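Per-entry structural report
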Amino acid sequence: MFRVAVRLSVSGVRGLTRPQPRCQAVLASRCYSHGKQETDEEFDARWITYFNKPDIDAWELRKGMNTLIGYDLVPEPKILEAALRACRRLNDLASAIRILEAVKDKAGPHKDIYPYLIQELRPALQELGISTPEELGIDKV
Amino acid sequence: MLRLTSGRLGSLLARRTSVMSASSSRMASHEVSDTVDMSRPMYCDRLDIPLPDKPYRDVLTDAEESLKQKEKGPWSQLSREEKIALYRLSFCQTYAEMKKPTGEWKTVIGGIFFFVGFTGLVVWWQRIYVYPPRPRTFDPEWQAMQLQRMLDMRVNPIQGFSAKWDYEKGQWK
């Protein structure tokens, strides 16, 4: 019994005097283990990668766009440009126009967001030949 | 969601009437109306679902097919009308049409007023034909007598009821 106690105490003392780096690393990672917060840049990059998939199919486009619109944010112009190019690869003009409409609705009372988006997206829109809902006259009943 | 449900309900009802008319023409046959397969992708117009699972128009005419073929080319060559036509093939309502006020509040307010008024009529009828006569304790003469009796009995003479009555002057303090 004493032998066990001595062995325990010795190992305990050894543990105290000679801290093992591996153990500390585990502890350190545990201290910060409340889930990694995704930064805005990572979020944007993730969605751009998603929409830039060369062989994206129609379901993935719908799923991605519906999920993105479900978030409490207005997507960055670069994400939208990737999404519009995905529409182009799928030959789906209607979805491209619909995305612009959805983004305009998503901006809600902030009337300055949508003109900024259109301004940023203008080169892509002209390159792809996408008309905005305003140009088509479907923004009013 | 409500609109979606009503749309489904409407389509169900429409189907049911068509089946009923068909069966009434044949009389004896017991046909079961085919139901909407909810496991299939469905179209719905919602603000928070910009791209529904299914295009609005499934079966395309030849002209629409050729338009779809033209969509595979450069989009800048499409005219404004063709772009709108393509949009309408995929989607039923635009966002502007979805957000158009429906005026449903008028129906709701009217319904509220109608039912409140109807309830008022019922209460009026009950006052005349159902309720017993008012108790005698509600009469002003009875209440005056009761007040006088409470004063005579000197109810709560220290800080309460009778303490507020001036017995010498015969009035409230």
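Residues numbered from 1 in each chain as written. Chains lettered and ligands numbered in written order. Predicted model: local features only at pLDDT ≥ 70, side-chain atom pairs only at ≥ 80, totals over all residues. Heavy atoms only, no water.

On a plain count of helices and strands, chain B comes out with six helices and two strands. Relative to its full complement of 173 residues, chain B shows a buried share of 18%. Long-range pairs, those at least 24 residues apart, make up 39% of the contacts in chain B with a sequence separation of at least 6. With an accessible surface of roughly 13600 Å², chain B has 61% of that area assigned to carbon and sulfur atoms. (Helix = DSSP H or I, 4+ residues; strand = E, 2+ residues; numbered from the N terminus. Buried < 20%, exposed > 50% of the residue type's maximum accessible area, 1.4 Å probe, protein only. Contact = heavy atoms within 4.5 Å. Areas by Shrake-Rupley, 256 points an atom, 1.4 Å probe, with all protein chains shown as cover.)

Let us look at the pattern of salt bridges. Residue and element names in this part refer to chain B. For the coordinates displayed, the defined rule picks out 18 salt bridges over all chains. For Arg-57, the salt bridge identified is with Glu-64, shortest N-O distance 3.0 Å. Residue classification places Glu-64 among the buried positions, given a relative accessible area of 17%. Between Glu-81 and Arg-80 there is a salt bridge, with its nearest N and O atoms 4.0 Å apart. Glu-81 sits in the exposed class, given a relative accessible area of 54%. (Salt bridge = Lys/Arg side-chain N within 4 Å of Asp/Glu carboxyl O.)

On the surface, B:Phe114, B:Phe115, B:Phe118, B:Leu121, B:Val122, B:Val123, B:Trp124, B:Trp125, B:Ile128, B:Tyr129, B:Val130 and B:Tyr131 cluster together into a nonpolar patch covering about 1300 Å² of accessible area. As for its placement among the helices and strands, B:Trp124 is situated in helix H5 (residues 104–129). (Patch = residues over 30% accessible without salt bridge, like charges linked within 9 Å, V, L, I, M, F, W, Y side chains within 5 Å.)

A cluster of acidic residues, A:Asp40, A:Glu41, A:Glu76 and A:Glu120, forms a negative patch at the surface. Topologically, A:Glu120 is positioned in helix H7 (residues 113–128). (Lys, Arg positive; Asp, Glu negative; His and termini not counted. Charge placed at Lys NZ, Arg CZ, Asp CG, Glu CD.)

Centre-to-centre distance and the angle between the planes together describe a pair of aromatic rings. What the rule picks out here adds up to twelve aromatic pairs over all chains. Both rings, one in A:Tyr50 and one in A:Phe51, keep their centres 5.3 Å apart while their planes meet at 90°; by these two values the pair is edge-to-face. Overall, A:Phe51 belongs to the buried group, its relative accessible area being 0%. Put simply, the rings of A:Phe43, A:Trp47, A:Tyr50, A:Phe51 and A:Tyr71 pair up and form one aromatic cluster. Its guanidinium or amino end placed over the ring of B:Phe91, A:Arg98 lies 4.2 Å from that ring's centre, counting from NZ or CZ. (Phe/Tyr/Trp six-rings, centres within 6.5 Å; stacked < 30°, edge-to-face > 60°. Lys NZ or Arg CZ within 6 Å of the ring centre and 35° of its normal.)

Summarizing the sequence annotation, UniProt attributes the feature "transmembrane region" (unreviewed entry) to residues 107–125 of chain B in the numbering used throughout. Summarising residues 107–125 of chain B: 100% helix, 0% strand, and an end-to-end C-alpha distance of 27 Å. (UniProt positions renumbered as here; feature names shortened; annotations may be inferred.)

In this section: the interface of chain A and chain B. How big an interface is tends to be stated in terms of the accessible area lost upon association of its parts. With 29 residues of chain A at the contact, the number on the chain B side is 31 residues. Interface of chain A and chain B: buried area, both sides summed, is about 2500 Å²; carbon and sulfur atoms make up 61% of it. At the boundary of chain A with chain B, the tally comes to two salt bridges. The salt bridge involving B:Lys99 is made with A:Asp105; its shortest N-O contact spans 2.9 Å. Here the residues of the side of chain A that touches chain B sort into 14 nonpolar, six polar and nine charged. (Buried area = accessible area lost by both parts, 1.4 Å probe. Nonpolar A, V, L, I, M, F, W, Y, C, P; charged D, E, K, R; others polar.)

Grouped together as the largest cluster of nonpolar side chains are 45 residues, with contacts concentrated most on A:Phe51, A:Met65 and A:Ile130. Elements that contribute at least two residues to this core include exactly helix H3 (40–51), helix H4 (58–70), helix H5 (77–89), helix H6 (93–106) and H7 of chain A together with helix H3 (80–90) and helix H4 (95–98) of chain B. By residue number, the principal contributor to this core is H6(A), which donates eight residues. (Core = buried A, V, L, I, M, F, W, Y, C linked by side-chain atoms within 4.5 Å.)

A word on the packing of H5(A) against H6(A). Residue and element names in this part refer to chain A. Look at H5 against H6: their axes get within 9 Å of each other, and the N-to-C directions meet at 155°. Classified by the angle between their axes, H5 and H6 sit roughly antiparallel to one another. Taken together, the residues of H6 that come into contact with H5 (itself represented by Leu-80, Ala-83, Leu-84 and Cys-87) are Ser-95, Ala-96, Ile-99 and Val-103. Its residues assigned to classes, the contact of H5 with H6 comprises seven nonpolar, one polar and no charged. (Axes fitted to C-alpha atoms, helices over the stretch in contact; angles between N-to-C directions. Parallel < 35°, antiparallel > 145°, perpendicular 65-115°, else oblique.)

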